[in-house]
Amino acid sequence: MQYTHDAAGNIVAIRRVNPSPITISGFAPSYGPIGTVVTITGAGFGATATTNAVTFNGVAGTVVAAGITALTVAVPAGAATGRIAVTVAANTATSAQDF
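Please read all numbers here as calculations on a predicted model, not as lab measurements. (Residues numbered from 1 in each chain as written. Predicted model: local features only at pLDDT ≥ 70, side-chain atom pairs only at ≥ 80, totals over all residues. Heavy atoms only, no water.)

Draft legend 1. The nonpolar core, seen in detail. Core analysis: the biggest nonpolar cluster contains 17 residues, and Val38, Ile40, Val54, Phe56, Leu71, Ile84 and Val86 have the highest contact counts within it. Mapped by element, the contributors of at least two residues to this core are strand E3 (23–28), strand E4 (37–43), strand E5 (53–56), strand E8 (70–74) and strand E9 (83–88). Of the residues forming this core, the biggest block, 3 residues, is contributed by E9. (Core = buried A, V, L, I, M, F, W, Y, C linked by side-chain atoms within 4.5 Å. Buried < 20%, exposed > 50% of the residue type's maximum accessible area, 1.4 Å probe, protein only. Helix = DSSP H or I, 4+ residues; strand = E, 2+ residues; numbered from the N terminus.)

Draft legend 2. Quick peek at the sheet that holds E3. Across the sheet, which stays open at both edges, the 4 strands sit in the order E3-E4-E8-E7 with antiparallel pairing between neighbours. The open sheet has two edge strands, E3 and strand E7 (62–66), and neither has a second partner. Adjacent strand axes in the sheet meet at a mean angle of 30 degrees, parallel and antiparallel pairs treated alike. (Pairing = 2+ DSSP bridges. Axes fitted to C-alpha atoms, helices over the stretch in contact; angles between N-to-C directions.)

Draft legend 3. How the structure looks around a nonpolar patch on the surface. Taken together, Tyr3, Ile11 and Ile14 make up a surface patch of nonpolar side chains, about 310 Å² in accessible area. Within the fold, Ile11 resides in strand E2 (residues 11–15). (Patch = residues over 30% accessible without salt bridge, like charges linked within 9 Å, V, L, I, M, F, W, Y side chains within 5 Å. Areas by Shrake-Rupley, 256 points an atom, 1.4 Å probe, with all protein chains shown as cover. Salt bridge = Lys/Arg side-chain N within 4 Å of Asp/Glu carboxyl O.)

Draft legend 4. Summary view of the sheet that holds E5. Here 4 strands make up an open sheet; going across it, the order is E6-E5-E9-E10 and the pairing antiparallel. Among the strands making up the open sheet, the edge pair consists of strand E6 (59–60) and strand E10 (91–98). Two strands pair when backbone bridges link them, and E5 and E6 are joined in this way by 2 bridges, in the antiparallel orientation. Paired with Phe56 across the two strands is Val59, which belongs to E6.

Draft legend 5. Structural detail: the side chain of Thr36. In this fold, Thr36 is placed in the loop between E3 and E4. According to the relative accessible area criterion, Thr36 is buried, its value standing at 15%. Not counting residues up to four positions away in its chain, the partners in contact with Thr36 are Pro29, Val73, Ala74 and Val75. (Contact = heavy atoms within 4.5 Å.)

Draft legend 6. Expanded view of unusual backbone geometry. Between Ala28 and Pro29 the backbone carries a cis peptide bond, its omega angle lying at -5 degrees. Here Pro29 lies in the loop between E3 and E4. For Asn57, which is not a glycine, the phi torsion comes out positive at approximately 50 degrees. Summarising the element assignment, Asn57 is placed in the loop between E5 and E6. For Asn57, a relative accessible area of 43% puts it in the partly exposed group. Backbone geometry places Ala89, a non-glycine residue, at a positive phi of 55 degrees. The exposure class of Ala89 is exposed, given its relative accessible area of 58%.

Coordinates in, geometry out; function isn't part of it.
Here it is, written out as structure tokens:
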């Protein structure tokens, strides 16, 4: 949050500021069936599994391990060929290639 104050120190405006942007630099393996464990590399991920939301072509996967530069995620039932997206707080990054 970013606050703007008047000369007397009163808050006159509050602006929501997004945390650092996230990026996906790659993932491996590049394809696989439901249940495949995929390692997504990048930057700005949440340090705990619950702070990251990962989807495979719009279908939510299960984050099994997390770090700020890598996530380990199981491919969910119903996933189809498409982009991987990672959301942390209000920021979303999408892979450049399909899984």
